Structure formats: structure tokens, C-alpha cells
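# Observations on the model geometry
These are the residues of each chain, in order.
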Amino acid sequence: MPNRRFADGEVVMGRWPGSVLYYEVQVTSYDDVSHLYTVKYKDGTELALKESDIRSQSSFKHRKSQSSSSSPSRRSTSRSRSRSPGRPAKGRRRSSSQSREHKDDKKKTIQETNLALLVLVCLFKPSENNTRRYNGEPDSTERNDTSCIILEQKLKPDLEIERVLEQYSLHPRKEEKKKEERHSEKKFFEAIKTIEKASPKTKELEFGGRIGTFMLIFFLPATVFYLLLMCKQDDPSLMNFPPPLPALESLWEARVFGVFLLWFFLQALFYLLPIGKVVEGLPLSNGRKLQYRINGFYAFILTAAAIGALLYFQFELHYLYDHFMQFAVSAAAFSMVLSIYLYIRSLKAPEEELAPGGNSGYFVYDFFTGHELNPRIGSFDLKYFCELRPGLIGWVVINLAMLLAEMKIHNQSMPSLSMILVNSFQLLYVVDALWNEEAILTTMDITHDGFGFMLAFGDLVWVPFVYSLQAFYLVGHPTAISWPVAAAITILNCIGYYIFRSANSQKNNFRRNPADPKLSYLKFIPTATGKGLLVTGWWGFVRHPNYLGDIIMALAWSLPCGFNHILPYFYVIYFICLLVHREARDEHHCKQKYGVAWERYCQRVPYRIFPYIY
């Protein structure tokens, strides 16, 4: 084992990663396994450096004194030159060889400076979880200062060049200086554009890679159909597997598919209405920001009015219940066709518009995860539209159809208390999502994941047909609960919702304006990216408090169904598995992005989702 050269607390000069510039740092610790020093810069940034990237201060001072004391006349000339840049000292002529040497040194310094700036821009380039379809992200709660990075790209070439020239006392003539600065600045921004055009390949594959994603393309639809078939059985016990399969011709009806298309395009029409504010999303890899119209809540109000009109004219909404399996098949077929279209159009998309997580070069994997990040037809953003509109609002309509079907089948003048609780809890969740629609713009679904089969099937099939499983179950398996039990379940749902909403609001407010006086009580750990990791409030309690609120609410949605069968609790089990997977992805992503700062955050907040458990 090599002996460490620098002691804890020693002030040394550390090289900024990827550059040739050294800054004054303090050694805080040393890892005997990786042989890396943890150093702290003056601005609080902590990084892990190799021993070769660290030098003692004496070596810098020695070089400076050696160069300055080698020629007294040159030292006086240098001082004279610093008082009047670009003007040679009186009474002294510089030889042609010295002039050439001086120019070569100056050019080298400018090139090194541009290289350092280029690496800094690459290091600080922003990369952006989705809490239950709409409100997550990595949950490490970051401070978004991308605008500062873009400004830094524009201003730093001149500032850094001047600073390095000052440090080494390199002052060319005024005309030469301006000419070479313009040339170096031009080369610098050309290099930036080259990097931005290059979209890195996805190296780490999720969901089991190519084989796993290929199996999921068939497994996900099969799971949905299995759950719906089981709910139709008189005894939906797991011991009755497999359920009797219906005839294939009974699964498809052109009229049902037409109704689904009408629903989809009606929501698209509401999306295009010029109502609601227009906001900008997070910067893309090329610095551009896309615009989004926030009118999901208005679309919900218009949909409610349309449904009310249908009921007024005695349209039987329980038609959805009678043809529920056929609607699910129609939605699955439509999502598959949409996924094929999305992949074909992504083949012509520019490199910088491809998704960071769906650019592996493998057809099956990119088809499943999504190859293009933000596919648009004009200003119509397909991914953003599908994320909240057809599926999420459709979920509420399906629940209402189940409520009406229960009343008709069981000849009830009022829906059961269990059905009222399920409808109310899930209606609150959907309204909250649409009211806080702008928060979705910071989630992994929008900023990182491409739009492929995974999101298309999830938005159009999984959300409306699996999330409504409790209401569908109660139609065929009514469960009576007492008022005290209903009150206890309601309190549980309110606790989960409070944790979920307050945690997400805390995170989103901190992201948008960390200097807000209302957030002055929050403490955070600074990172090398310039963003902060919250260590107080809900985010100091567990690392993913919004996931905790999600799971509590999911349990409250299932409890009104009783305990006769495990089927209504499938959503709770699925959701716990989903969040554990996302939490593991977040941990890996944040560890790579924040390094030492993330390790400090994990020490401060040891529990991931469940306090004192996990």
C-alpha cells in the first residue's frame, strides 16, 4: 500500500478535473482503498482527486520565485509592462527569439484555458423520477442553475484568458491580443457546438437489457388482461389460475375502438385550445427550452361538462363496464401502433434530440424505452400530452362508470360506501396532478426518458385500466364497511396525501427559487454541479418522502375492498416494487452525478423510503 503524501487539513493546490488549472484546496480525508483524496475548494465544493492531481503550494511558489529572480532587469520590465499592457518597456529591446518564445507560450496558455473551459462546461451540463406518474424526479431535490451555466459559457472565455495571462505575466501587444482572443473564442464555441450535437450512447441498460425489454413488451399486456379476467370471476382467487379465456373474436369490436379514438382526439382538441399559461421546460442538451401549455385542469373541467351532458341525455356510461376488456384491447393496440410510429420517426431525429436513456443502438431496447426524447408534431408534444390527458382523466371516467354499473347491477339507489371512498381518493389524486401540472416538467419521464412503448403503454393502458382495478373489483365483489372503518381509512389517505403533496411542493419550490425567504429554514449540501441536496424538512426525514406518501395512499385505496382476496392489493405490491426499482435507479444516478456530496447526504439521511426500516 503506498504511503499517503498529504495529511488531513493540509492546504495544497488541486487540479480541477479535466483541466490544467490548479486551485487552492484543503485535504479533508483519504481513502486507502481507492487511493483518492477528498479535497474542499474555497467555495465549499468537495471532489475526490488522485495524488497526481495534487501539488504542494511550495512547488508553485518555487517556480514563481525562480522565474521572477532569474533576471532582475526582466523583473523590472515585467512590472513596467503590468502598468501599461501592450507597451514595451523603454530602453530595452526584446530579441526575435524571445519574442517567438513569448508568442508560443501565450498561444499554449490560451489553448489550455479553452480546454479547461470546455471540460468545465461538460462537467456542469445538466442531466435530469417520476413520483407515481407525475411528480417525482431524482428525489435528491436539486437547485437548477442551468441559466448560470449558459451565461458562464458565454462570459468565461474572456475572463479565464485574462486571468491566466495575468497569472503568468503574458501581455501581448493590443492588436495581437484582440485578434487571438477572437480566434480562440471562435474555436471554443465551435467545440461547444460539436459536443452538443453528439448524443452519447446509452451504456447502462435497465429492465434486463435487450432480453428483459423484449419480454416486457408481451408481459405487460398479458398482466393487464389477466387482472381484468380475474376480476370478472366469482372467485378471483390465485388458486383459480389460469382464468377461463374468452373467445378471441369477443375481444375486439370496431365500435369500441372508434369510441377510444374519439376519446383520444377529444383530449387532443382540449390540449390545443389556447387557454392556460405557456411555460418553458428545463433546458435540453443544446440549451434550448421547449414551451408547454398548462391547461390540463381546464381539459378536466371540459371533460366533466361533456360527461355531465351525456348523462343528462341518458347515455348509459356503464357501457364502459360491459365492454371493459374490449376497451383495454383497443387501448393496447393503439399504444402499439403509436410506439411503432414513434420509433420510425425517431430514426430521422437529430442526435441531440435523442433520449439519454434510449440511445443504446439496440432496436428492441430503444423501442421499449423510447428513442426520441420529445417527439412533437409542430407544437403538439406527444409525450407530454399522453402523460396526463387520455389515461389519467380516463381513469376518473372509468371509476365513475364502475360506480354507475354497481348501482345498476345491484339495484342500489346510492353507491356503496366502499365505492365512494375509492372514487373520492383517486379523484383527489388526479385533480392534484392536473392542478400541479407544471411539476411534471421536472420529472424523469419528461427530462430523461424517451417516448416509446414503455410510456405509451403505461400512459394509455396501465394507468386507466390497472389503477381503476379497485373500482372494477367492487362491482362484482361488493364489500360493506362501517362508518368508523371508513373514517380510519380516510384519515390514512389524508396522511399519505399530506406527505406526498407537502414533500413535492417543498422540492419544487426549492428548485425554482432556492433564495425564497419562505425556504430560509431549509438546509442543503452544496454539490460540484452548483445544485443543492436538501437535508431538512421532509427530505431530511427520508430520501424519498413522496414515495412514502404514494405507498400510504395506495394502501388506503385498497382497504375498502376488504381482505377476502389479494387481487385488489396488486396495485400496492406493484407500486412498492416499482418505487424500489426507481429508488435504486435514483441512487445510482445521484451517486454518479454528485459523488462525495451524495455520500454525505446518505450519511445525513440514512433511510430511503420507510423510516427506521428501509
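The name given to the protein chain in an unreviewed UniProt entry is Delta(14)-sterol reductase LBR, and the organism recorded there is Pygoscelis papua. Per UniProt, the protein chain has the following entry under Pathway (unreviewed entry): "Steroid biosynthesis; cholesterol biosynthesis." Under the UniProt heading Sequence similarities (unreviewed entry), the note attached to the protein chain is "Belongs to the ERG4/ERG24 family."

With that settled, consider the packing of aromatic side chains. Tallied over the entire structure, the rule returns 41 aromatic pairs. When the ring of tryptophan 16 is compared with that of tyrosine 41, the centres are 5.1 Å apart and the planes differ by 65°; the resulting orientation is edge-to-face. Here tryptophan 16, found in the loop between strand S1 (11-15) and strand S2 (22-31), pairs with tyrosine 41, found in strand S3 (residues 36-41); they are 25 residues apart in sequence, far enough to count as distant. An identical accessibility class is assigned to tryptophan 16 and tyrosine 41; each is buried.

Looking now at the UniProt feature "transmembrane region" (unreviewed entry) in the protein chain. UniProt marks residues 211-230, 250-273, 294-313, 325-344, 455-475, 481-500, 521-542 and 562-581 with the feature "transmembrane region" (unreviewed entry), using the numbering shown here. Split by type, residues 294-313 is 85% helix and 5% strand. Its first and last C-alpha atoms lie 31 Å apart. End C-alpha atoms of residues 481-500 are separated by 26 Å, and the span's content is 90% helix alongside 0% strand.

Of the pairings in the sheet, the one linking S1 to S2 comprises 5 bridges and is antiparallel in character. Across the sheet, the residue bridging to glycine 14 is tyrosine 23, located in S2. In this antiparallel pair of consecutive strands, S2 and S3, the connection spans 4 residues, and histidine 35 shows a positive phi of 60°.

What follows concerns the nonpolar core. Counting residues in each nonpolar core, the largest one holds 112 residues, and the members touching the most others are Met402 and Phe465. Per-element accounting of this core gives the leading share, 16 residues, to helix H12 (residues 382-409). Each residue touching phenylalanine 465, except ones within four places of it in the same chain, is listed here: Val224, Leu228, Phe324, Phe327, Ala328, Ala331, Ile398 and Leu460. In terms of nonpolar packing, the next biggest core, distinct from the first, is built from 16 residues, Phe510, Leu519, Cys590 and Cys602 among them.

Here is what the cut-offs are and how they apply
Residues numbered from 1 in each chain as written. Predicted model: local features only at pLDDT ≥ 70, side-chain atom pairs only at ≥ 80, totals over all residues. Heavy atoms only, no water. UniProt positions renumbered as here; feature names shortened; annotations may be inferred. Phe/Tyr/Trp six-rings, centres within 6.5 Å; stacked < 30°, edge-to-face > 60°. Helix = DSSP H or I, 4+ residues; strand = E, 2+ residues; numbered from the N terminus. Buried < 20%, exposed > 50% of the residue type's maximum accessible area, 1.4 Å probe, protein only. Pairing = 2+ DSSP bridges. Core = buried A, V, L, I, M, F, W, Y, C linked by side-chain atoms within 4.5 Å. Contact = heavy atoms within 4.5 Å.

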